[in-house]
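Each chain is listed here by its residues.
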Amino acid sequence: MPRSTPPPESLTPIPVSPIPVSPIPVSPIPAPPIPVPLTTLSATAGCAAKIAQVDLIAALAHLRRREDARVLVGLDTGDDAAVILLRPDLALVQTVDIFTPIVDDAYDYGRIAAANALSDVYAMGATPLSALSFVAWPMDTAGPAALGEVLRGAADVCAQAGIVISGGHSIVDKEPKFGLFINGTVHPDAIVRNDGARPGDRLVLTKAIGTGILTTARKRGLIDAAALQPAIDAMTTLNAAAAAVISDAALRPAIHAATDVTGFGLLGHLGNVLRASSAAAKAEIGARIFADAVPLLAGVAALADAGVCPGGSRRNLEFAAPNCTFDATMNDAQRLLLADAQTSGGLLIAVDPASHDALCDALRHAGVAVVATIGEIVAGSGCRILANRAAG
């Protein structure tokens, strides 16, 4: 017979002791860090953080050189970017620039870093194609919000250049560092190199000098934010307009060499042009610079006279001085100005004298704010710096 099932009401419930529920411990969400002036977190600032040229040359001597026919511009000339041949009508321009904060405002730091990295591509007469970012960041002291502002600033400047930041890499570090890897494109026949300067060429500079001194003065509390603003405006201005002019088909044959003036200072980057051009020509090529023609940012000369100078600028002068002859009337401060470590500086262009006026007119028409003829290329070695044209 089937077993009968007792009615539900006859079942005895099993006693269950209630499980004690303890509140889950939740750590309080830490408050965002109080904004820390970014320049206080690093020992150096901007392109003044570059390794000294003498040390860099010594280190690169250990790098084994390998021949690659695709490399159109490589290490040999110390140019602004590498250029790799992709096909007969197309070359890839590659560069990377990373540095510590040069200003306290995170957004401006990102903008300056992006403009500085893009400048190498513009100096080669190329068009920017893409960007990747690299960041080393002290999350405990600077926090993610400040990093977000750095990235936003860089992205905004990249947008001005017609590109996007499409990826990157990040690490934690005690000292902030940020920069971009930039790719660009150029026709192989249109590359603007640093090794073609010829005697007689005029030297034209497209930004004023002094960002290293002004940013150092601000870091030391010697000037206020308003006095620093002209430097920020200069450092966040792209060299795109000047690059378009020197790449124009009508002027391009007259542009014998170009470079951008950054961490090695005016004398350091001019020295690279002279060495590369001498090697290419198999003859000594030098320069004559008129110090009073070199444009300076407001207040820079007085600060230099007061002894304000980043360490990178002093290293630059020590490296350049053996190959330079300075006018006897120039004091130490005036000499240091020409070696001041620039960040996101202008283009230094060697142009055929017959096309000098056309170049200057085209630069001004394109909206380039500073167009200064600061000297000329000469036969013979070294760089002679005169106080003014009358001294020559």
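Note: the structure precedes this text.
Below you will find a few notes about this structure. Residue positions are given per chain, counted from 1 along the sequence in the order it is written. Given that this is a predicted model, residues contribute local features only at a pLDDT of at least 70 and side-chain atom pairs are listed and counted only at 80 or more, while totals for whole chains, interfaces and linings are drawn from all residues. In computing side-chain values, all of the structure's heavy atoms are included and hydrogens and water are not.

## Brief notes about the overall build of the chain
Then step 1. For the chain, the count of helices and strands is 11 helices and 13 strands.
Then step 2. Among the 392 residues that make up the chain, the fraction classed as buried is 49%.
Then step 3. Here a residue-residue contact requires only that any non-hydrogen atoms of the pair lie within 4.5 Å. Contacts spanning at least 24 positions in sequence make up 84% of the contacts within the chain whose residues lie at least 6 apart.
Then step 4. The method behind every accessible area is Shrake-Rupley, applied with a 1.4 Å probe, and residues are considered shielded solely by the protein chains displayed. Summed over its atoms, the accessible surface of the chain is roughly 19100 Å², and 59% of this surface lies on carbon and sulfur atoms. To qualify as a helix, a DSSP run of H or I must reach at least 4 residues; to qualify as a strand, a run of E must reach at least 2; elements of each kind are numbered from the N terminus. The classification of residues rests on relative accessible area computed with a 1.4 Å probe and restricted to protein chains. Under 20% of the type maximum is buried, over 50% is exposed, and intermediate values are partly exposed.

## Focus on unusual backbone geometry
Then step 1. For Lys 282, which is not glycine, the phi torsion reads 55° and is therefore positive.
Then step 2. Here Lys 282 shows up in the loop between helix H7 (265-281) and strand S9 (285-290).
Then step 3. Of note in the backbone geometry, Ser 344 takes a positive phi value of approximately 55° without being a glycine.
Then step 4. You can see Ser 344 is positioned in the loop between helix H10 (332-337) and strand S11 (347-351).

## Details of the packing of helix H6 (residues 240-247) against helix H11 (residues 356-365)
Then step 1. To obtain an axis, a line is fitted to C-alpha atoms, over the contacting stretch when the element is a helix, and the angle between two such axes runs from 0 to 180 degrees between their N-to-C directions. At a closest axis distance of 9 Å, the pairing of H6 and H11 adopts a crossing angle of 140°. Relative to H11, the crossing made by H6 is right-handed. Taken together, the residues of H11 that come into contact with H6 (itself represented by Ala 242, Val 245 and Ile 246) are Leu 359, Ala 362 and Leu 363.
Then step 2. In this classification, the charged set is Asp, Glu, Lys and Arg, the nonpolar set is Ala, Val, Leu, Ile, Met, Phe, Trp, Tyr, Cys and Pro, and all remaining amino acids, among them Gly, are polar. A breakdown of the residues in the contact of H6 with H11 according to their chemical character gives 6 nonpolar, no polar and no charged. Put simply, a crossing is left-handed when the front helix is turned counterclockwise from the back one by less than a right angle, and right-handed when it is turned clockwise.

## Overview of the sheet that holds strand S13 (residues 383-386)
Then step 1. Only strands that DSSP links by at least two bridges are regarded as paired with each other. Overall, mixed pairing links the 7 strands, which are arranged S8-S11-S7-S12-S9-S13-S10 in an open sheet. Edge strands, defined here as strands with exactly one partner in the open sheet, are strand S8 (255-260) and strand S10 (324-326). Strand-to-strand twist in this sheet, taken as the mean axis angle between neighbours without regard to direction, amounts to 20°.
Then step 2. Pairing geometry for S9 and strand S12 (residues 372-379), over 5 bridges, is antiparallel. The partner of Arg 288 across the bridge, within S12, is Glu 376.
Then step 3. Helix H2 (residues 106-123) rests against S8 and S11 of the sheet, and its axis sits at about 170° to S8.
Then step 4. Those strands touched by H11 are strand S7 (202-205), S8, S11 and S12, and its axis lies near 10° from that of S7.

## Examining the layout of surface pockets
Empty space among the atoms becomes apparent when a probe as large as a water molecule is rolled across them.
Then step 1. Approximately 450 Å³ is the volume attributed to the second largest pocket.
Then step 2. We place a 1 Å grid over just the protein atoms. Points where a 1.4 Å probe fits but has no way out form a cavity, open points with protein on both sides within 12 Å along at least 5 of 7 lines form a pocket, and any residue with an atom within 4 Å of a point lines it. Lining the second largest pocket we find 17 residues, and of these Arg 66, Val 71, Gly 74, Leu 75 and Asp 76 sit closest to its centre.
Then step 3. Of the residues that constitute the lining of the second largest pocket, the class distribution is 6 nonpolar, 2 polar and 9 charged. Grid points are joined across faces, edges and corners, and a volume is the space filled by probe spheres set on the points.

## Side note on the sheet that holds strand S1 (residues 71-73)
Then step 1. The mixed open sheet is built from 6 strands, whose spatial order is S1-S2-S3-S6-S4-S5. Whereas interior strands pair on both sides, the edge strands pair on one side only; in this sheet they are S1 and strand S5 (165-172). Between one strand axis and the next, the sheet turns by 25° as a mean value, whatever way the strands run.
Then step 2. Pairing of strand S4 (residues 127-137) with S5 involves 6 bridges; the strand directions are parallel. If you follow Ser 133 over to S5, its bridge partner there is Gly 168.

## Points about the pattern of salt bridges
Then step 1. Any Lys or Arg side-chain nitrogen found within 4 Å of a carboxyl oxygen on Asp or Glu counts as a salt bridge. Inspection of the entire model under this criterion finds 9 salt bridges.
Then step 2. Close ionic contact of Glu 175 with Lys 177 constitutes a salt bridge, the shortest N to O distance being 3.4 Å.
Then step 3. You can call Lys 177 partly exposed: its relative accessible area is 23%.
Then step 4. Arg 202 is the salt-bridge partner of Glu 376, the closest N and O atoms lying 3.5 Å from each other. Placement of the pair is Glu 376 in strand S12 and Arg 202 in strand S7, with a sequence separation of 174 residues.
Then step 5. Beyond isolated ion pairs, a larger network of salt bridges with shared partners links Asp 173, Glu 175 and Lys 177.

## Observations concerning the pairing of S12
Then step 1. Most of S12 is tucked away: 7 of the 8 residues are buried.
Then step 2. As paired strands, S7 and S12 are joined by 4 bridges and run antiparallel to one another. Counterpart to Val 204 in the pairing with S12 is Thr 373.

## Points about the side chain of Thr 206
Then step 1. Within the secondary structure, Thr 206 sits in the loop between S7 and helix H4 (211-219).
Then step 2. Under the relative-accessibility criterion, Thr 206 is labelled buried at 4%.
Then step 3. Any N or O atom pair separated by 3.5 Å or less is treated as a polar contact, with the protein-specific requirement of one donor-capable and one acceptor-capable atom, and with residues adjacent in sequence counted only for side-chain atom pairs. Within the structure, Thr 206 has its side chain in polar contact with the backbone nitrogen of Leu 347 (distance 2.8 Å).
Then step 4. The contacts of Thr 206, once residues within four sequence positions are left out, are Asn 239, Ala 242, Gly 346, Leu 347, Ile 349, Leu 363, Val 368 and Val 370.

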